[in-house]
Structures are given as C-alpha cells and as structure tokens.
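Okay, here's what each chain looks like letter by letter:
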Amino acid sequence: SIAPSAAVHGVTTAITITGVNAGFTAQTTVQATCGTIANVQLKTATTLGADLTIPQSQPVGPCTISVNSTGVPTLQAPFTVIAGTPALISITPSSVPQGAINGTPVQIQTRDLIQGTNNPVITTDSGIIANVTGFSASPEQMTVTMLVSVNAALGPHQMTITQDSRSLVVPF
C-alpha cells in the first residue's frame, strides 16, 4: 500500500510504501507513472520511504507506483494525482475602460481551475459582462471578451470563474 494514496500535482510529497512479506532491500527501486521518485529509504524489509515529485503539467487522475526488488516487481499500487487550490497566474490587460461596449479581449491564465471540457462560467459585477470565447486545459488559459457599460462603477472589480465545482475570484 501507499500512504498517502493521493497528492497534489506541482509539489513533492513524502510517501510510505508498505508490502506484506515484501522483502525490500537497499537495492529496491521505486517508479511512478505520474512523477519522479527520489530519496528512497529502506525502513524495514516491508516498509520504504520516498519522495514523489509530481510535475504541475501532470493531469489529475490515476497513476501507478511500482516497486522492484532485484529486478522483480514486488508491488504495484494505485495512486491518484489531485488538483490543488485554483490560482490566478496572470490577467492581461488587468483593466478594461468604462464604456468598452464593443468588447475588449482579456487573456487569463490559471492553475488548477480548468480541469475538464465544460465551458467556464463567469459572473461579474453590475454593468460588466464577461464571455469566455476560448479556453484550454493545458496550459490553463482562456480568452474572455469584456463588455463594460458607460454606467459601470469606476475602480476595482472582480469576476468569479467557475468550471464544474472549482471556482476562482479574479480581481481586475
């Protein structure tokens, strides 16, 4: 078994691998289909410790951790890559002028928000309309056309971008 059985992509996680009658030795190797294994430590003949680094680009979902002793597979365990907390990477431009009724294209890049194929939904402050005109999950980016009425309040605003059950508040 592997503990923990899931980790966030983009970070390094310490894992513990336990096998019944595994016979782990100092030559035991560990591999992961979802990342890089480092610092393998033999704790007992049935327990290993290791660091699993999952790249940010690794899609969420299942992967496999494999343990080999003297070239013989001794353990294969399921593991799950999960998304972290959604975050804003960039928004360009970061402001849209009052009265931009013909639409201003805005490029938004996020992390751990866009995971599926459903179109993101945007809610904004009064007097502002934001329509997603294109998006991709890898890299996580979207083009939003912003329409700002002449009556919209001046100053800072925010939009909430939601896809499936994940949301992110973006100031602009």
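Residues numbered from 1 in each chain as written. Predicted model: local features only at pLDDT ≥ 70, side-chain atom pairs only at ≥ 80, totals over all residues. Heavy atoms only, no water.

## Here's the deal with the state of the cysteines
Per the counting criterion, the structure on display carries one disulfide. One disulfide bridge connects C34 with C63, the sulfur atoms lying 2.3 Å from each other. Of the two residues, C34 is situated in the loop between strand 4 (29–32) and strand 5 (36–44) and C63 in strand 7 (residues 61–69); the sequence distance between them amounts to 29 residues. With a relative accessible area of 1%, C34 lands in the buried category. A relative accessible area of 6% places C63 in the buried class. (Disulfide = S-S within 2.5 Å. Helix = DSSP H or I, 4+ residues; strand = E, 2+ residues; numbered from the N terminus. Buried < 20%, exposed > 50% of the residue type's maximum accessible area, 1.4 Å probe, protein only.)

## A closer look at the pairing of strand 10 (residues 104–111)
Judged by which residues are buried, strand 10 turns out to be one-sided: T104, V106, I108 and T110 face inward and are buried, whereas P105, Q107, Q109 and R111, on the alternate face, are not. As defined by bridge partners, strand 10 adjoins strand 13 (residues 140–148) across six bridges and the pair is classed as antiparallel. Counted as the bridge partner of Q107 is T143 from strand 13. (Pairing = 2+ DSSP bridges.)

## Looking at unusual backbone geometry
Along the chain, A3 connects to P4 via a cis peptide bond; the corresponding omega equals -5°. One can find P4 in the loop between strand 1 (2–3) and strand 2 (6–8). A cis amide bond links T92 to the next residue, P93, at an omega of -10°. Locating P93 in the fold gives a position in the loop between strand 9 (87–92) and strand 10. Phi angles above zero are rare outside glycine, and N39 is one such case at about 55°. Its location among the elements puts N39 in strand 5.

## As for the pairing of strand 12 (residues 128–137)
Where strand 12 lies against strand 13, nine bridges are found, and the strand directions are antiparallel. Looking at the pairing, I129 lines up with L147 of strand 13. Between strand 12 and strand 13, which pair antiparallel in sequence order, lie two residues.

## So, the sheet that holds strand 11 (residues 121–124)
Pairing is antiparallel in the open sheet, where three strands are placed in the order 11-14-15. The sheet is open, and its two borders are formed by strand 11 and strand 15 (166–171), each paired with just one other strand. This sheet shows a mean twist of 20° between the axes of neighbouring strands, independent of strand direction. (Axes fitted to C-alpha atoms, helices over the stretch in contact; angles between N-to-C directions.)

## Quick notes on the environment of L52
Its location among the elements puts L52 in strand 6 (residues 47–53). Residue classification places L52 among the buried residues on the basis of a relative accessible area of 0%. Between the alpha carbons of L52 and A14 there is a distance of 6.3 Å; along the sequence they are 38 residues apart. Once residues lying within four places of it in the same chain are set aside, the contact partners of L52 are V11, T12, T13, I15, A32, C34, G35, T36, I37, I65 and F79. (Contact = heavy atoms within 4.5 Å.)

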